[in-house]
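Coordinate inspection notes
Chain by chain, the residues run as shown.
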Amino acid sequence: AAPAEGAGDELGGEDGASASNAAAHERALALRPPVSQHVQLLFLMLSVFLERTLTDFSFLRAFYATEVQRYSPQAKADILTCFLRHATGPAARLSPDEVVVALQVLVLPMLRAAVGAGQALQILTPEILWALVTQLLDPLAPHSEPTKVELLRLSTLLIESVPSRLVEHRKDLLKFAWIHLKSDESVSKQCAYVNVCHFIHQYETPSKIILQVYVSLLRTFQPDARPLVRQALDILTPALPRRLPKGNHIYPTWVKWTKKILVEEGHSLPQLIHIWQLVVRHPSLFFASRAQFVPQMVNSLNRIGLSQNTSADNRHLAIDLTALVIKWEQQRQAAAAAAGVGTASTHAGGKRALAEGEGEAEAAKRMRAASGNAAPGATAAPAGGAAEDDFTPSAAIVEIVVNFLIRISLASGQDTGGQAQAGSGSASATQAAATQKAGLALATHSSELLRAALKLWPDVNLKLISFEKQLLLVEKQLQQSPEQLLAVLSVLRVLQTVVAAQPRFASRQLPALHALLQPVFLQHASYAKVVVAICDLLGTLMAQLAEPAGEGSEEGGISAHYGLHARFVSSLIQATFTAHERDGLLFPAVHLLDATAPHCPELLDAHVVALIKLLHRLAKDHGTRGARSEGEKKEGRESDVDSGSAMLRTCLRLLQQMPRLLDVAEARKPCFQALVLLIDRSHDVEVLSEVLKTLAGWLLSPAHAAAQGAQTGGSGLSLKERANFVLKLLQLESLHAPELQRRFLRVVHSLYSHPAAHRAHELLPKIERAFMAGLRASDPSLRAEFFALYDGSIGRSPRQRVEYILQLQDWESLAGTFWLRQALELLLTTVDAEAPVRPAAGSLRLPTAQEARAGLV
């Protein structure tokens with residue numbers, strides 16, 4: 001730091017307050033009326049905080065913190081006046097320790113509350129400010145370290161709250177702070193930096209002083225000074241563009257000094273972290289000069305975030321740096337789009353694009369060669385003559401960023417698994433759980449950034465080697481720690497993110513992906529979460545490869561690998577069916593079919609027999625499990641029941657995707673037996689809902705309806721089979737599941753309302769019981785629809801209705817209900833509501849009163 005004598009001289013030669021002003025302030029202060037004894041008592045009570053005692057004086061501290069803040073502005077000004085009289089001058093009554101306590105407990109809290117309440121100008125009058133600056137803030141006074149700290153805080157508060165009234169005292173304020181910048185004590189020195197930064201923020205200051213303060217703060221990275229240094233930089237940095245404009249230079253002076261320190265002293269990791277934290281906290285200020293920092297930023301990612309025994313804070317910083325690179329590029333593209341310029345990824349400086357086979361190490365070498373050898377303070381424009389606002393990350397930068405995000409996501413998942421293992425058997429389980437939660441949040445954040453980066457740079461060159469190494473490492477650790485399955489899941493989730501965001505990666509690396517996933521799928525078949533993650537990944541691959549090839553594609557289209565992937569999935573399914581046929585561990589095969597079949601129906605045709613056998617087996621076990629389910633749920637062991645029902649529902653959903661299932665003679669009979677078994681024995685509404693959906697597709701589809709009169713064989717359901725299934729489904733009424741019953745009746749209504757479309761002419765007489773069930777439906781609208789069909793099928797005359805009700809209609813199916821209601825409704829619908837009521841011709845009737853009177857006469 002420069003000598004204190006030179007600091008004030010840099011302010012344009014001002015000599016502080018003039019002599020006449022000083023005399024006037026002194027007279028005004030002397031003319032203030034004496035303070036009351038109540039105010040003096042506030043200072044006398046402060047002495048209790050200087051002695052160690054068993055008495056609890058927290059009530060007194062609370063009094064200063066609450067009651068004094070409610071005083072009027074005049075009373076607060078009297079407190080400041082009393083403080084100045086007792087703390088300064090030859091007749092000072094307060095000892096240095098009492099001055100510290102007065103500032104800590106009374107003066108500074110009172111002034112902060114006054115500033116918050118808008119009373120600063122009423123309290124800090126010109127004469128009080130003159131006394132505070134000239135008498136209390138004396139740069140040459142031999143103050144103790146605590147006193148220096150509190151006085152610097154007082155000076156900072158004054159500059160921050162009433163800068164307009166301190167213009168004539170700028171030289172004195174800067175001298176007081178500047179002399180403390182040479183202090184050997186860390187706290188007072190950093191408080192002086194905070195004070196000077198507030199001064200620079202409020203007042204015009206010579207550029208030499210600003211640069212000196214900024215550079216000193218950049219080079220102060222010690223842990224003990226970190227909070228105050230960060231505060232000072234956060235105050236100073238936003239003011240730099242105003243105080244140090246770039247003028248005719250390409251980059252401002254403060255940017256060049258930041259780059260200079262970064263290049264010359266970046267070998268020190270704490271120094272490097274200190275500068276990058278500043279850049280991350282102020283991204284908008286460094287956006288225009290990002291070309292000077294992005295190369296070094298990218299080169300330091302692995303060093304900060306992936307070094308051995310790196311801290312969680314360093315990993316967060318590394319991820320924040322990648323987020324900053326992505327944000328800057330998104331901001332550039334948004335600005336280019338707004339200006340009507342294309343946002344195609346061009347490489348600044350004319351750097352060649354990476355070849356597909358070039359490794360990350362070669363990319364990093366080229367990055368160091370391109371960025372690390374530049375002069376630290378060079379003012380030249382970026383290579384290629386592009387302006388700083390047009391800087392675009394090169395292919396090498398993009399590759400390093402994306403591959404770093406992959407590696408940090410994998411490393412975060414591995415650490416999460418290790419933390420779960422460490423915390424499971426230790427007394428600090430709560431702390432381990434919190435650490436694990438933080439690790440999961442870090443992994444989630446890095447995955448989101450990876451997804452954004454792949455969306456921003458869809459053609460980036462990715463390497464599969466990171467996934468292979470991570471899985472190899474995890475498999476070795478699994479032998480001693482089963483908790484490392486979390487790390488396996490992390491690898492699979494990151495791979496899912498990559499595959500979903502970049503289909504080209506999947507097509508290029510498809511054989512290697514198969515070799516990577518096959519052993520994981522077979523070895524961890526008993527772990528449902530791992531199986532689900534792999535199946536989702538293979539399903540995503542199948543969906544991408546099933547898309548039609550684009551015109552002019554380099555490899556004949558992504559879909560050229562469709563057959564290869566389908567054969568691989570089919571082999572996995574077959575291997576699972578074969579390996580676990582006896583132990584019943586067939587969930588992996590079923591879930592894999594469920595994930596891939598929507599995009600590859602041929603897989604269902606290839607494994608239809610095995611799937612139907614499994615369905616039959618599950619249906620037989622489902623009734624037994626259903627009987628035990630209530631007891632198991634009471635004992636807390638319902639996972640087996642739930643998993644069995646879930647797999648059964650999945651099998652039924654797969655049946656619905658097989659239009660040619662009934663053509664397979666070997667699968668037809670077991671399938672029907674399984675469905676009938678479920679209808680008879682199951683009480684699971686979700687399972688029965690899938691059964692109904694399956695049968696509804698067969699009953700309502702003309703392709704599945706057999707020719708009229710057919711009884712056996714052929715394509716689709718025979719007439720007998722259709723009738724049996726409909727009548728079997730009548731048992732759903734006993735479950736008291738209104739929605740399920742309503743869906744079944746909708747199927748019956750469709751058969752009756754459009755018999756030609758469903759080829760159901762001969763079927764209708766055989767399923768009359770199901771139709772009659774619709775007449776007693778609990779849903780009024782559905783019941784009305786059934787009755788409308790019923791009413792339209794019978795003659796409209798009363799005689800026809802009575803004959804139908806008493807002679808033709810079989811009311812046995814409605815024997816359990818009040819069936820006369822339906823019969824009466826049939827009769828009442830024949831009545832014309834608008835016609836007058838008249839007796840029938842020839843009917844007997846009583847004479848009218850007039851006729852009776854005439855007869856008596």
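Parameters at a glance
Residues numbered from 1 in each chain as written. Predicted model: local features only at pLDDT ≥ 70, side-chain atom pairs only at ≥ 80, totals over all residues. Heavy atoms only, no water. Helix = DSSP H or I, 4+ residues; strand = E, 2+ residues; numbered from the N terminus. Buried < 20%, exposed > 50% of the residue type's maximum accessible area, 1.4 Å probe, protein only. Contact = heavy atoms within 4.5 Å. Areas by Shrake-Rupley, 256 points an atom, 1.4 Å probe, with all protein chains shown as cover. Axes fitted to C-alpha atoms, helices over the stretch in contact; angles between N-to-C directions. Parallel < 35°, antiparallel > 145°, perpendicular 65-115°, else oblique. Left-handed = near helix turned anticlockwise from the far one by under 90°. Nonpolar A, V, L, I, M, F, W, Y, C, P; charged D, E, K, R; others polar. Salt bridge = Lys/Arg side-chain N within 4 Å of Asp/Glu carboxyl O. Expected span 1.5 Å × (residues − 1). Phe/Tyr/Trp six-rings, centres within 6.5 Å; stacked < 30°, edge-to-face > 60°. Polar contact = N/O pair within 3.5 Å; in protein donor to acceptor, adjacent residues only side chain to side chain. pLDDT = per-residue confidence, 0-100.

Now for the overall build of the chain. Within the chain one finds 42 helices and 0 strands. The buried share among the 857 residues of the chain stands at 47%. Long-range pairs, those at least 24 residues apart, make up 75% of the contacts in the chain between residues at least 6 apart in sequence. In the form shown here, the chain has an accessible surface area of approximately 41,100 Å², with 55% of it arising from carbon and sulfur atoms.

For the pair helix H9 (residues 145–161) and helix H11 (residues 186–202), interaxial distance at closest approach is 9 Å and the crossing angle is 15°. Classified by the angle between their axes, H9 and H11 sit roughly parallel to one another. Two packed elements cross with a definite hand, and for H9 against H11 that hand is left-handed. Contacts between H9 and H11 involve Glu-145, Lys-148, Val-149, Leu-152, Arg-153, Ser-155, Thr-156, Ile-159 and Glu-160 from the first element and Val-187, Ser-188, Cys-191, Ala-192, Val-194, Asn-195, His-198, Phe-199 and Gln-202 from the second. Considering only residue class, the contact of H9 with H11 consists of 8 nonpolar, 6 polar and 4 charged.

Throughout the structure, instances matching the rule amount to 16 salt bridges. The salt bridge involving Asp-594 is made with Arg-653; its shortest N-O contact spans 4.0 Å. Taken together, the residues Asp-594 in helix H30 (residues 587–596) and Arg-653 in helix H33 (residues 639–656) connect sequence positions 59 residues apart.

A word on helix H15 (residues 253–265). In a regular helix each residue adds 1.5 Å, so 13 residues correspond to 18 Å; H15 covers 18 Å between its end C-alpha atoms and thus fits that length. Inspection of H15 places Trp-254, Val-255, Lys-256, Thr-258, Lys-259, Ile-261 and Leu-262 among the buried residues, and these make up the whole buried set. In this structure, the buried side of H15 is in contact with helix H12 (207–218), helix H14 (240–243), helix H16 (269–281), helix H17 (283–286) and helix H18 (294–299).

What follows covers the packing of helix H28 (residues 528–545) against helix H29 (residues 562–579). For the pair H28 and H29, interaxial distance at closest approach is 9 Å and the crossing angle is 150°. Our classification of the angle between H28 and H29 gives roughly antiparallel. The way H28 lies across H29 gives a crossing that is left-handed. Along its contact with H28, which presents Leu-538, Leu-541, Met-542 and Leu-545, the element H29 presents Tyr-562, His-565, Ala-566, Phe-568, Val-569 and Leu-572. Counted by class, the contact of H28 with H29 contains 9 nonpolar, 1 polar and no charged residues.

Let us look at the packing of aromatic side chains. Per the stated rule, a full pass over the model turns up 10 aromatic pairs. Relative to Tyr-64, the ring of Phe-49 has its centre 6.4 Å away and its plane inclined at 55°; by these criteria the two rings are tilted. Separated by 15 residues along the polypeptide, Phe-49 in the loop between helix H3 (37–44) and helix H4 (58–66) and Tyr-64 in helix H4 bring together distant segments of the chain. Ring centres of Phe-286 and Phe-293 lie 5.4 Å apart, and the angle between their planes is 90°; this geometry places the pair in the edge-to-face category. The residues Phe-286 and Phe-293 share a single accessibility class, namely buried. Through pairs of rings, three or more aromatic residues link up here, namely Tyr-214, Trp-254, Phe-286 and Phe-293.

Take Arg-315: it is sitting in helix H20 (residues 312–338). Overall, the relative accessible area of 12% leaves Arg-315 in the buried class. At 3.4 Å, the side chain of Arg-315 and the backbone oxygen of Gly-305 are in polar contact.

Side chains three or four residues apart in an α-helix point the same way, a direct result of the helix having 3.6 residues per turn. Here H29 spans 26 Å end to end across 18 residues, near enough to the 26 Å set by a 1.5 Å rise per residue. All of the buried residues along H29 are His-565, Ala-566, Phe-568, Val-569, Ser-570, Leu-572, Ile-573, Thr-576 and Phe-577.

Looking now at unusual backbone geometry. You will see that Asn-309, though not glycine, has its phi angle at about 60°, which is positive. Along the chain, Asn-309 falls in the loop between helix H19 (301–305) and H20. Looking at Asn-309, the relative accessible area reads 75%, which means it is exposed. Not every positive phi belongs to a glycine, and His-736 is a case in point at roughly 60°. As for its placement among the helices and strands, His-736 is situated in the loop between helix H36 (719–728) and helix H37 (738–753).

Moving on to the confidence of the model for the chain. Per-residue confidence for the chain gives a mean pLDDT of 80; residues scoring 70 or more make up 80%. For the stretch residues 1–5, pLDDT sits under 50, and the model shows 12 contacts to residues farther than four places along the chain or on other chains. Here residues 422–427 is a poorly scored stretch, pLDDT under 50, and it has 3 contacts once near neighbours within four places are set aside; other chains count.

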